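Working through the structure, step by step
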Amino acid sequence: KAGVTQTPRYLIKTRGQQVTLSCSPISGHRSVSWYQQTPGQGLQFLFEYFSETQRNKGNFPGRFSGRQFSNSRSEMNVSTLELGDSALYLCASRWGETGELFFGEGSRLTVL
Amino acid sequence: QQQVKQSPQSLIVQKGGISIINCAYENTAFDYFPWYQQFPGKGPALLIAIRPDVSEKKEGRFTISFNKSAKQFSLHIMDSQPGDSATYFCAASRDGNNRKLIWGLGTSLAVNP
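What counts and what doesn't
All residue numbers refer to positions counted from 1 along the written sequence of the respective chain. Going through the entries in the order they are written, you letter the chains from A and number the ligands from 1. Thresholds applied to this predicted model are a pLDDT of at least 70 for local features of residues and 80 or more for the giving and counting of side-chain atom pairs; totals over whole chains, interfaces and linings are not thresholded and use all residues. Excluding hydrogens and water, the side-chain values take into account all heavy atoms of the structure. Side-chain rings of Phe, Tyr and Trp (the six-membered ring for Trp) are treated as a pair once their centres are within 6.5 Å; stacked means planes under 30 degrees apart, edge-to-face means over 60, and tilted covers the remaining angles. Working definition: helices are DSSP H or I runs of at least four residues, strands are E runs of at least two. Numbering for both runs from the N terminus. Exposure is judged per residue with a 1.4 Å probe applied to protein chains only, and the accessible area is read against the type maximum: over 50% gives exposed, under 20% gives buried, and values in between give partly exposed. Here, a charge over a ring is recorded when the distance from Lys NZ or Arg CZ to the ring centre is within 6 Å and its angle to the ring normal is within 35 degrees. For this analysis, residues touch if any pair of their heavy atoms sits within 4.5 Å. A simple way to read buried area is as the amount of 1.4 Å-probe accessible surface that goes missing from two parts once joined, with both sides added. One side-chain nitrogen of Lys or Arg within 4 Å of one carboxyl oxygen of Asp or Glu is enough to make a salt bridge. Strands are treated as partners if at least two bridges between them are detected by DSSP. A fitted line through C-alpha atoms serves as each axis, taken over the contacting stretch for helices, and the angle formed by two N-to-C directions is quoted from 0 to 180°. We call a set of buried residues a nonpolar core when its members are Ala, Val, Leu, Ile, Met, Phe, Trp, Tyr or Cys and they connect through side-chain atoms within 4.5 Å of each other. The definition of a polar contact used here is a pair of N or O atoms within 3.5 Å, where within protein one atom must be able to donate a hydrogen and the other to accept one, and adjacent residues in sequence count solely through side-chain atom pairs.

Turning our attention to the packing of aromatic side chains. Enumeration according to the criterion identifies 16 aromatic pairs over all chains in this entry. Where Tyr 35 of chain A meets Phe 103 of chain A, the ring centres are 5.6 Å apart and the plane angle is 50 degrees; that geometry is what we call tilted. Here Tyr 35 of chain A, found in strand 4 (residues 31–38), pairs with Phe 103 of chain A, found in strand 10 (residues 102–103); they are 68 residues apart in sequence, far enough to count as distant. Assigned by exposure class, Tyr 35 of chain A and Phe 103 of chain A land together as buried. A centroid spacing of 5.7 Å and a plane angle of 70 degrees characterise the contact between Phe 47 of chain A and Tyr 49 of chain A, whose relative ring orientation is edge-to-face. When its relative accessible area of 1% is taken as the criterion, Phe 47 of chain A is described as buried. Accessibility expressed as a relative area gives 5% for Tyr 49 of chain A, which makes it buried. An aromatic cluster of three or more residues is present, and its members are Tyr 35, Phe 45 and Phe 103 of chain A together with Tyr 36, Phe 89 and Trp 103 of chain B. Here the guanidinium or amino end of Arg 30 of chain A rests over the ring plane of Trp 95 of chain A, the centre of that ring lying 4.7 Å away.

Take a look at the structure:
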């Protein structure tokens, strides 16, 4: 059974640009969560989607948005990139609204 | 506002020693306490989890100890091995719909051979 797949794995952007990250969850999983990981700040929760509906949202500005498609695949978008957005963005999936989270290997974003 | 406080931030242990990582929480409604392990270049993976109806849970060399009155829980790694070198995250959540995990900031563990 394939794990959580995130694309792209690495990307470099400049300030002011926007970026879209993609996440394919484990087959059958309906919940997808997104996290930002930076040194010293741990895992910061961005949002969670379940059956195409946003169920939870973290404390991030509106520049961070996401969506989930009918096949449970999810994308997150960051507009007007800032230097501080440089981070590892992790996607996690799970079957329902509770239970073990299965993480992908992340998309490492560098903003210059 | 950090609802789950994890310590230490980093830890160095000799091979064969015991690694201990502690977490303290504030919300007494929390009822699920997992630990995740993250190796460099990988996403976190569930290591072990506990609910407050038990004071201890053991899986191999990994043990969670839970103290409900003190609102603390800890991860003990017995006979630590270099392969245990990773970042460990504790987390907590409360029951109900849309369960949202509150994470500690992580502990970087290095086990020297």
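What follows is about the interface of chain A and chain B. One widely used convention gives an interface's size as the accessible area the parts lose upon coming together. In this complex, chain A contributes 22 residues to the contact, which on the side of chain B involves 15 residues. Taking both partners together, chain A and chain B bury about 1600 Å²; carbon and sulfur atoms supply 51% of that area. When the buried area of chain A at its contact with chain B is split by residue, Leu 43, Phe 103 and Glu 105 of chain A rank highest and sum to 26% of it. Between Glu 105 of chain A and Lys 42 of chain B there is a salt bridge, with its nearest N and O atoms 2.6 Å apart.

Right, let's get into the sheet that holds strand 8 (residues 74–78) of chain A. All names here are of chain A. Spatial strand order, 1-3-8-7: four strands in an open sheet with antiparallel pairing. The open sheet has two edge strands, strand 1 (5–7) and strand 7 (64–68), and neither has a second partner. Sheet twist, expressed as the mean angle between neighbouring strand axes with direction ignored, is 15 degrees. When strand 7 meets strand 8, the two strands line up antiparallel, connected through five bridges. Paired with Ser 65 across the two strands is Asn 77, which belongs to strand 8.

Okay, the environment of Ile 18 of chain B next. All names here are of chain B. Tracing the backbone through its elements, the reader meets Ile 18 in the loop between strand 2 (10–14) and strand 3 (19–25). Exposure remark for Ile 18: the relative accessible area of 46% places this residue in the partly exposed category. For Ile 18 and Val 111, which are 93 residues apart along the polypeptide, the C-alpha to C-alpha distance reads 9.9 Å. Ile 18 has contacts with Val 13, Ile 77, Met 78 and Ser 80, leaving out every residue within four places of it along the chain.

In this section: the nonpolar core. Residue and element names in this part refer to chain B. Ranked by internal contacts, the top residues of the largest apolar core, which has 25 residues, are Val 4, Phe 33, Trp 35, Phe 73, Leu 75 and Tyr 88. Counting only elements with at least two residues in this core, the list comes to strand 2, strand 3, strand 4 (30–38), strand 5 (45–50), strand 7 (62–67), strand 8 (72–77), strand 9 (86–94) and strand 11 (107–112). In terms of residues, this core owes the most to one element, strand 9, which gives four residues. Beyond its immediate sequence surroundings of up to four residues, Leu 75 is in contact with Ser 19, Ile 20, Ile 21, Trp 35, Leu 47, Ile 48, Phe 62, Thr 63 and Tyr 88.

Bringing the environment of Lys 57 of chain A into the picture now. All names here are of chain A. The topology assignment puts Lys 57 in strand 6 (residues 53–57). In this structure Lys 57 comes out as partly exposed when scored by relative accessible area, which is 41%. Through-space distance from the C-alpha of Lys 57 to that of Phe 47 is 4.2 Å; in sequence the pair is ten residues apart. Within polar-contact distance, the side chain of Lys 57 engages the backbone oxygen of Phe 60 at 3.4 Å.

The subject of this paragraph is the pairing of strand 1 (residues 4–7) of chain B. All names here are of chain B. Only one face of strand 1 is covered, namely the one carrying Val 4 and Gln 6; the face carrying Lys 5 and Ser 7 has none of its residues buried. The pairing of strand 1 with strand 3 spans four bridges and is classified as antiparallel. Among the inter-strand pairings, Ser 7 is bridged to a residue of strand 3, identified as Asn 22.

Honestly, it's all geometry; don't read function into it.
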